[in-house]
Amino acid sequence: KNGDILLVLAAGWNVTGHSYSSLDFAGKAFLRAELVAAAELCALNGHRVSAFRDKMHELLRRNRGSHKCFLRKSVHKIRSQKRSSSRRWMHAITKCSRKSKGL
């Protein structure tokens, strides 16, 4: 009601055998990446759908590169973001993504 959306996120269910705390031979840590991604998406609770969509696109870009950025991120330190700071927060994530690509 009132335009609310319920979104259910599942992380880790399709990454059996993948690494959480180190990179595999392809430079990936899919289990860690999924958990970090889910936490970052949950941190956008209460934001506009466009912020959530932008975050999804950012996560897809980060997923294609090296997962070192995901390994450096502590899931326990990801906190809910205030709406006013969401753009600043997205900029910080984008900066991390650029570093992993060597830009």
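Residues numbered from 1 in each chain as written. Predicted model: local features only at pLDDT ≥ 70, side-chain atom pairs only at ≥ 80, totals over all residues. Heavy atoms only, no water.

Colleague: I keep staring at the overall build of the protein chain and nothing clicks. Help me out?
Modeller: When you go through the protein chain residue by residue, the secondary structure sums to four helices and zero strands. Listing every helix and strand of the protein chain by position from the N terminus yields α-α-α-α. A total of 103 residues make up the protein chain; the buried ones form 32% of that total. Of the roughly 7,300 Å² of accessible surface on the protein chain, 54% is carried by carbon and sulfur atoms. (Helix = DSSP H or I, 4+ residues; strand = E, 2+ residues; numbered from the N terminus. Buried < 20%, exposed > 50% of the residue type's maximum accessible area, 1.4 Å probe, protein only. Areas by Shrake-Rupley, 256 points an atom, 1.4 Å probe, with all protein chains shown as cover.)

Colleague: Would you mind going over the environment of glutamate 58 with me for this structure?
Modeller: Checked against the element boundaries, glutamate 58 lands in helix α2 (residues 49-64). Between the C-alpha atom of glutamate 58 and that of alanine 37, which follows or precedes it by 21 residues, the distance is 9.8 Å. A distance of 2.8 Å separates the side chain of glutamate 58 from the side chain of arginine 61, its partner in a polar contact. (Polar contact = N/O pair within 3.5 Å; in protein donor to acceptor, adjacent residues only side chain to side chain.)

Colleague: Honestly, the packing of helix α1 (residues 30-42) against α2 in this entry has me stumped. Any pointers?
Modeller: The description of two helices packed together rests on the angle between their axes and the distance between the axes. Packing of α1 against α2 brings their axes to within 11 Å, and their N-to-C directions diverge by 165 degrees. Taken as axis vectors, α1 and α2 run roughly antiparallel relative to one another. As for how α1 packs across α2, the hand of that crossing is right-handed. Here Phe30, Val36, Ala37, Glu40 and Leu41 of α1 lie close against α2, whose contacting residues are Phe52, Lys55, Met56, Leu59, Arg62 and Asn63. Per-class residue counts for the contact of α1 with α2 are seven nonpolar, one polar and three charged. (Axes fitted to C-alpha atoms, helices over the stretch in contact; angles between N-to-C directions. Parallel < 35°, antiparallel > 145°, perpendicular 65-115°, else oblique. Left-handed = near helix turned anticlockwise from the far one by under 90°. Contact = heavy atoms within 4.5 Å. Nonpolar A, V, L, I, M, F, W, Y, C, P; charged D, E, K, R; others polar.)

Colleague: Please clarify how α1 should be interpreted in this entry.
Modeller: Every α-helix carries 3.6 residues per turn, so stepping three or four residues along brings you back to the same face. With 13 residues, α1 should cover 18 Å at 1.5 Å per step; its first-to-last C-alpha distance of 18 Å lies within 8% of that length. Considered for burial, the residues of α1 that qualify are Arg32, Ala33, Val36, Ala37, Ala38, Ala39, Glu40 and Leu41. (Expected span 1.5 Å × (residues − 1).)

Colleague: Honestly, the packing of aromatic side chains in this entry has me stumped. Any pointers?
Modeller: For any pair of aromatic rings, the description consists of the separation of the ring centres together with the inter-plane angle of the planes. Counted under the stated rule, the structure contains zero aromatic pairs. Above the plane of the ring of tyrosine 20 lies arginine 32, whose end atom (NZ or CZ) is 4.5 Å from the centre. (Phe/Tyr/Trp six-rings, centres within 6.5 Å; stacked < 30°, edge-to-face > 60°. Lys NZ or Arg CZ within 6 Å of the ring centre and 35° of its normal.)

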